[in-house]
Protein chains: 2
Amino acid sequence: MFNVVIVRYGEIGTKSRQTRRWFESILMNNIREALVSEGIGFKKVEAKHGRILVKTNKARDAVDVLGRVFGIVSLSPAMEVDAELEKINRTALKLFRRKKRELGLERPRFRVTGRRITKEFPLKSPEVQAKVGEYILENEESEVNLHEYDIEIGVELMEGKAYVFVDKIYAWGGLPIGTQGKVVALLSGGIDSPVAAFLMMKRGVEVIPVHIYMGEKTLEKVRRIWNQLKKYNYGGKGELIVVKPKERERIIEKLREMKKEKYTCVFCKYMMVKHADRVAREFGAKGIVMGDSLGQVASQTLENMYIVSQATDLPIYRPLIGMDKEEIVSIAKKIGTFELSTLPEDEIPFIPKHPVIRGSWEEFRKIYKAVFGEEPRKRQC
Amino acid sequence: MFNVVIVRYGEIGTKSRQTRRWFESILMNNIREALVSEGIGFKKVEAKHGRILVKTNKARDAVDVLGRVFGIVSLSPAMEVDAELEKINRTALKLFRRKKRELGLERPRFRVTGRRITKEFPLKSPEVQAKVGEYILENEESEVNLHEYDIEIGVELMEGKAYVFVDKIYAWGGLPIGTQGKVVALLSGGIDSPVAAFLMMKRGVEVIPVHIYMGEKTLEKVRRIWNQLKKYNYGGKGELIVVKPKERERIIEKLREMKKEKYTCVFCKYMMVKHADRVAREFGAKGIVMGDSLGQVASQTLENMYIVSQATDLPIYRPLIGMDKEEIVSIAKKIGTFELSTLPEDEIPFIPKHPVIRGSWEEFRKIYKAVFGEEPRKRQC
């Protein structure tokens, strides 16, 4: 029935013409990649007058997949017909009847929203609306209501064609992946880090997922989490990178010896960032993403984050820093990582009973020197 | 009518007992500060069994103010009476009638939710619910519906008292201001930076607002924005700090000379962070908050944020980094800063036509050296 999907995008529209074309072309590539990798046939993807048209006979399936492509604000499965009033009317009626059945309404209230995007068509938008509205009223039990309606019939006219639709499905918005460069995302297996990675992906970043090895169970879990996140990663290439830290035993041993077990978590996070920094350099990534939310657990105080941040000169992005746990969980559920994050993981034997809450850089420095025989790096100022 | 407000808080409850007491005492102080500064009389603020009770005859007014105190999840104006069934019944009926009138319903569906928090009261929670429910049914046109209800009557029993209420007003959640230390927030007068500051405040941080002077009009605007944010700042002390940069003319001159005008924005932001860093040191603040949202404007690319981040060894917190403009605007409207952010500001004559999009550190370094005769600081690694 449908033969095209209308793809609407948001923020791109506000950029300069040149930037906009570039954004559109990346978005179109990501759309193609999404459809190809999900096995959804299509004839063409083309940008036209501020929207993208995906010509396909699998419009419903395409909408499901494209709902996960960032940069897209909304989607409508539509019927493309020649821009002739009679054809438009018949198409609108067909879609109206279908929607009426779907909603199970006796006498739905409706409105018609017409947009003449190019001007070849002889009738202006309000006239199109009136004509199509009349035709529906003549043929189906219904009433027009511009403000409170059960069904909205959209008719967009451009280049000799009419696009008729009754559904507008909202997508994630954001920016197309690949428009904003690369960052490394640390994935731990918890609830927060996948949400942080997701939010950066949503803003157009290609994420390179890095996991610091803890054990097989946790690794398996993180693999499954990344596989879930990949469903949003059309346009990105990242495969999970697993780093097996060699120094862990030595650090833990030394901390015990010095009776500074309480620094274990901060040390562990510092080392994670150091590894992430190295990966970032290899891949030309320009930042590190972490799932910190202020005050959520002991290691997420301003003092401890200060120490951890010294492990790199790259900016650390913390998109969850201002969120409550509840908000984070709600996003995790929407994107399908929550359940996976609650799977069992390897027990960590070396977590101290009373981790340091407000770690001191000076103390950390001393411990670091005792472990590695050299000063930790620190920003100069 | 009401003589107490029940204050419920969330995340605090998950901490250790010691931390929890400390959190509660800060939250209670912030509550007192809020009530005193808004001129709302109260007899007592006390923590009891995981909730805080505010004894006041101005419960309605108190709820309005306490809705802006972070750490609070929900509020109920309530009536405290002796825990005797007859008194509970009469109080419940009174509140029920009032609510029924307010909603304008003939035959409201309702349910009673009882909680026996301490166990002196002879009836168990389900029995309390049944008794109060019967009493309402006998005296008022109504019906019980546990799943779909217009009115929920709450009855909480503790220490010989009953707390009866029919409203539960949701607040912002977050953590009490003063539990998480201090950060400097850069306020520019735009839509984003107040939202970023707000989200950090919400997570319990005391924000020190810093504005880099652009002109009188913008300053006046930022003052009004901060005055609005202060309505959420119970427990915080920050007064707006205005920094008048002396080096601006020289930098702009030099950039023009070198034909590097396109670096103006990045340079400007770098200098802002440098000023913020200095203020942070003076006040013992542990981070800097900025309103960056990735890809929103030219200066918010990973490359440019990398350069800007080198101006400090403090972590830069960017709570909006993963948000779309629409989401940011929606928060700004809720917190009352949006309108203020759209007020006129001083024109900035030196904004380049084509600001650099992917600034290079090497190029920035050269310009910096030409301007200041020395290398910019940079993290060591």
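Values in this document were obtained by computation on a predicted structure and should not be read as measured data. (Residues numbered from 1 in each chain as written. Chains lettered and ligands numbered in written order. Predicted model: local features only at pLDDT ≥ 70, side-chain atom pairs only at ≥ 80, totals over all residues. Heavy atoms only, no water.)

### Brief notes about the overall build of chain A
- Of the regular secondary structure elements, chain A holds 12 helices and 14 strands.
- Its C-alpha atoms give chain A a radius of gyration of 27 Å, more than 25% over the compact-globule value 21 Å for 381 residues.
- Reported as C-alpha extents along the three principal axes, the dimensions of chain A are approximately 85 × 45 × 35 Å.
- For chain A, the residues scored as buried account for 57% of the 381 residues in total.
- Relative to all contacts within chain A whose residues are 6 or more apart in sequence, the contacts with residues 24 or more apart total 78%. (Helix = DSSP H or I, 4+ residues; strand = E, 2+ residues; numbered from the N terminus. Rg over C-alpha atoms; globule rule 2.2 N^0.38 Å. Buried < 20%, exposed > 50% of the residue type's maximum accessible area, 1.4 Å probe, protein only. Contact = heavy atoms within 4.5 Å.)

### Quick look at the interface of chain A and chain B
- Counting from both sides, the interface comprises 48 residues of chain A and, opposite them, 48 residues of chain B.
- Of the roughly 4,100 Å² buried where chain A meets chain B, counting both sides, 53% is carbon and sulfur surface.
- Between K202 of chain A and E327 of chain B there is a salt bridge, with its nearest N and O atoms 2.7 Å apart.
- Between chain A and chain B we count 15 residue pairs in polar contact (both at pLDDT 80 or more) in total.
- Going through the elements one at a time, β10 (182–186), α5 (192–202), α9 (302–309), β14 (316–317) and α10 (325–335) of chain A are the ones with two or more residues in the side of chain A that touches chain B.
- Per-element accounting of the side of chain A that touches chain B gives the leading share, 5 residues, to α9 of chain A.
- A breakdown of the residues in the side of chain A that touches chain B according to their chemical character gives 19 nonpolar, 13 polar and 16 charged. (Buried area = accessible area lost by both parts, 1.4 Å probe. Salt bridge = Lys/Arg side-chain N within 4 Å of Asp/Glu carboxyl O. Polar contact = N/O pair within 3.5 Å; in protein donor to acceptor, adjacent residues only side chain to side chain. Nonpolar A, V, L, I, M, F, W, Y, C, P; charged D, E, K, R; others polar.)

### Regarding the relation of the copies chain A and chain B
- For these two chains of identical sequence, chain A goes onto chain B by a turn of 180 degrees and a shift of 0.0 Å along the axis, with RMSD 0.1 Å. Viewed as a symmetry operation, the transformation between the two copies matches a two-fold axis.
- An overlap of 100% is found between the interface residues of chain A and their copies at the interface of chain B, pointing to a shared contact surface. (Least-squares fit on C-alpha atoms with pLDDT ≥ 70 in both.)

### Considerations on helix α12 (residues 361–372) of chain B
All names here are of chain B.
- Its 12 residues give α12 an end-to-end C-alpha distance of 16 Å, which sits within 8% of 16 Å, the value for a rise of 1.5 Å per residue.
- Those residues of α12 that are buried are in contact with α7 (248–257), α8 (264–283) and α9 (302–309).
- In this structure S360 caps α12, since a side-chain oxygen of it lies 3.3 Å from the backbone nitrogen of E362.
- Within two residues after α12, G373 carries a phi angle of roughly 70 degrees, on the positive side. (Expected span 1.5 Å × (residues − 1).)

### Re the UniProt feature "binding site: ATP" (unreviewed entry) in chain A
Residues and elements named next belong to chain A.
- Mapped onto this numbering, the UniProt entry annotates "binding site: ATP" (unreviewed entry) at L186, L187, K269, G291 and Q300.
- Its place among the elements puts L186 in strand β10.
- Mapped onto the elements of the fold, G291 is located in the loop between β13 (288–289) and α9.
- The buried category is assigned to G291, whose relative accessible area is 11%. (UniProt positions renumbered as here; feature names shortened; annotations may be inferred.)

### Overview of the UniProt feature "domain: THUMP" (unreviewed entry) in chain A
- Per the UniProt record, "domain: THUMP" (unreviewed entry) is found at residues 60–168 of chain A.
- The span residues 60–168 of chain A shows a helical share of 38% and a strand share of 31%, and its end C-alpha atoms are spaced 12 Å apart.

### Regarding the nonpolar core
- In terms of nonpolar packing, the biggest core is built from 66 residues, with L186, F267 and F364 of chain A together with L186, F267 and F364 of chain B touching the most fellow members.
- Discounting residues that sit within four places of it in the chain, L186 of chain A has contacts with S193, V210, I212, M272, V273, A276, I288, V289 and M290 of chain A.
- Core analysis: the next-biggest nonpolar cluster, separate from the first, contains 44 residues, V54, L123, I136 and V164 of chain A among them. (Core = buried A, V, L, I, M, F, W, Y, C linked by side-chain atoms within 4.5 Å.)

### So, the environment of I208 of chain B
All names here are of chain B.
- Within the secondary structure, I208 sits in strand β11 (residues 206–212).
- By relative accessible area, which is 5% here, I208 ends up buried.
- Placed 68 residues apart in sequence, I208 and A276 show a C-alpha to C-alpha distance of 9.6 Å.
- In contact with I208, other than residues within four places in its own chain, are K182, V183, V184, A185, I241, V279, F283 and A285.

### Observations concerning the pairing of strand β2 (residues 44–48) of chain A
Residue and element names in this part refer to chain A.
- Bridge analysis of β2 against strand β3 (residues 51–55) gives 5 bridges, and the strand direction is antiparallel. Note that in β3 the partner of K48 across the bridge is R51.
- Where β2 hands over to β3, the hairpin turn is made up of 2 residues, of which H49 adopts a positive phi near 50 degrees. (Pairing = 2+ DSSP bridges.)

### Quick look at unusual backbone geometry
All names here are of chain A.
- Here H49, not a glycine, exhibits a phi torsion of approximately 50 degrees, which is positive.
- Along the chain, H49 falls in the loop between β2 and β3.
- H49 gets classed as partly exposed once you look at its relative accessible area, which sits at 38%.

### Section: a nonpolar patch on the surface
- A cluster of nonpolar side chains, contributed by L137, V144 and L146 of chain A, occupies part of the molecular surface with about 250 Å² of accessible area.
- Within the element layout of this structure, L146 of chain A appears in the loop between β6 (143–144) and β7 (151–158). (Patch = residues over 30% accessible without salt bridge, like charges linked within 9 Å, V, L, I, M, F, W, Y side chains within 5 Å. Areas by Shrake-Rupley, 256 points an atom, 1.4 Å probe, with all protein chains shown as cover.)

### Notes on the packing of helix α5 (residues 192–202) of chain B against helix α10 (residues 325–335) of chain B
Residue and element names in this part refer to chain B.
- Where α5 contacts α10, the two axes come as close as 9 Å, and the packing angle between them is 70 degrees. It follows that α5 is roughly perpendicular to α10 by the angle criterion. Taking contact as the criterion, the partners of D192, P194, V195, F198 and L199 in α5 are, on α10, K325, I328, I331, A332 and I335.
- Split by residue class, the contact of α5 with α10 holds 8 nonpolar, no polar and 2 charged. (Axes fitted to C-alpha atoms, helices over the stretch in contact; angles between N-to-C directions. Parallel < 35°, antiparallel > 145°, perpendicular 65-115°, else oblique.)

### Observations regarding the environment of A34 of chain A
All names here are of chain A.
- Take A34: it is sitting in helix α1 (residues 17–37).
- A34 gets classed as buried once you look at its relative accessible area, which sits at 0%.
- Residues A34 and Y234, spaced 200 residues apart in sequence, show a C-alpha to C-alpha distance of 5.6 Å.
- When near neighbours in sequence (up to four residues on either side) are disregarded, A34 contacts V65, L66, V69 and Y234.

### So, the packing of aromatic side chains
Residues and elements named next belong to chain B.
- By the definition in use, this model includes 32 aromatic pairs over all chains.
- Aromatic side chains F70 and Y232 sit 6.1 Å apart centroid to centroid with 10 degrees between the ring planes, which places their arrangement in the stacked category. With a gap of 162 residues between them, F70 in the loop between α2 (59–66) and β4 (72–82) and Y232 in the loop between α6 (216–229) and β12 (241–243) connect regions that are remote in the sequence. Summarising the burial analysis for this pair, F70 and Y232 share the class buried.
- Ring geometry for F267 versus F364: centroids 5.0 Å apart, planes at 40 degrees, classification tilted. Taken together, the residues span a long stretch of sequence, with F267 in helix α8 and F364 in helix α12 at a distance of 97 residues. (Phe/Tyr/Trp six-rings, centres within 6.5 Å; stacked < 30°, edge-to-face > 60°.)

### A look at the domain arrangement of chain A
All names here are of chain A.
- Domain boundaries in chain A define domain 1 (4–170) and domain 2 (182–372).
- On a C-alpha basis, the centroid separation for the pair domain 1 and domain 2 is 43 Å.
- Facing 10 residues of domain 1, the contacting portion of domain 2 comprises 10 residues.
- Of the roughly 830 Å² buried between domain 1 and domain 2, counting both surfaces, carbon and sulfur atoms make up 57%.
- Of all residues in domain 1, the largest losses of buried area upon contact with domain 2 belong to E33, R68 and F70, amounting jointly to 67% of the total for that side.
- Taken together, domain 1 and domain 2 are joined by 0 salt bridges.
- In this structure, the connection of domain 1 to domain 2 is made through 4 residue pairs in polar contact (both at pLDDT 80 or more).
- Examining the composition of the side of domain 1 that touches domain 2, we find that 4 residues originate from one element, α1, more than from any other.
- Looking at the side of domain 1 that touches domain 2 residue by residue, the classes come out as 4 nonpolar, 2 polar and 4 charged. (Domains from an automatic or database assignment.)

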